[in-house]
Amino acid sequence: MRSLFWTEDKIVKAQKLWQQGLSAREIANLFGSKKNTVINMTHRNRDRFPARQDTRQSPPETREAPTPIRHPDRVTRVTLSGAHVTMPRVPCIDGPAS
């Protein structure tokens, strides 16, 4: 059986370094491992290694969409898939431009 790299002693030491603000890369350099091994270990022990980033911020207040520009020589049509497309006006279908 393969011995585990992250022993309880190493996890406790990494926890102290994490609380001091060291990055995963800096902790990995101290232990002689790679950054991803530290990141994976922090995810497995999330109770000991709280996330440093704030939770996702809510989007800013929504603004009203600008009114679309109306061209007298173009019309908006809805395709079979439901997409809105702008096409040239066809006088025999759309009637004369107003």
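Bear in mind the structure is a predicted one, so any value in this text is a computation, not a measurement.

**Student:** Teacher, can you tell me more about the environment of A28 here?
**Tutor:** Among the structural elements, A28 can be located in helix α2 (residues 24–31). Separated by 10 residues in sequence, A28 and V38 place their C-alpha atoms 6.2 Å apart. Residues contacting A28, with those up to four places away along its chain left out, are S33, K34, K35 and V38.

**Student:** Is there a simple way to explain the pairing of strand β1 (residues 74–78) in this structure?
**Tutor:** Successive residues of a regular strand alternate their side chains across the two faces of the sheet. Direction of pairing for β1 relative to strand β2 (residues 84–88): antiparallel, over a ladder of five bridges. Directly across from V75, in β2, lies its bridge partner M87. Joining the antiparallel neighbours β1 and β2 is a turn of five residues, in which G82 adopts a positive phi near 100°.

**Student:** Even after reading the chapter, I still don't get the packing of α2 against helix α3 (residues 35–44), so can you show me in this structure?
**Tutor:** What describes two packed helices is the angle between their axes and the distance between those same axes. Contact geometry of α2 with α3 gives a least axis separation of 8 Å together with a crossing angle of 110°. As far as their axial angle goes, α3 and α2 are roughly perpendicular. Considering the relative orientation of α2 and α3, their crossing is right-handed. Here A24, R25, I27 and A28 of α2 come into contact with α3, specifically with K35, V38 and I39.

Scoring rules and cut-offs
- Residues numbered from 1 in each chain as written.
- Predicted model: local features only at pLDDT ≥ 70, side-chain atom pairs only at ≥ 80, totals over all residues.
- Heavy atoms only, no water.
- Helix = DSSP H or I, 4+ residues; strand = E, 2+ residues; numbered from the N terminus.
- Contact = heavy atoms within 4.5 Å.
- Pairing = 2+ DSSP bridges.
- Axes fitted to C-alpha atoms, helices over the stretch in contact; angles between N-to-C directions.
- Parallel < 35°, antiparallel > 145°, perpendicular 65-115°, else oblique.
- Left-handed = near helix turned anticlockwise from the far one by under 90°.

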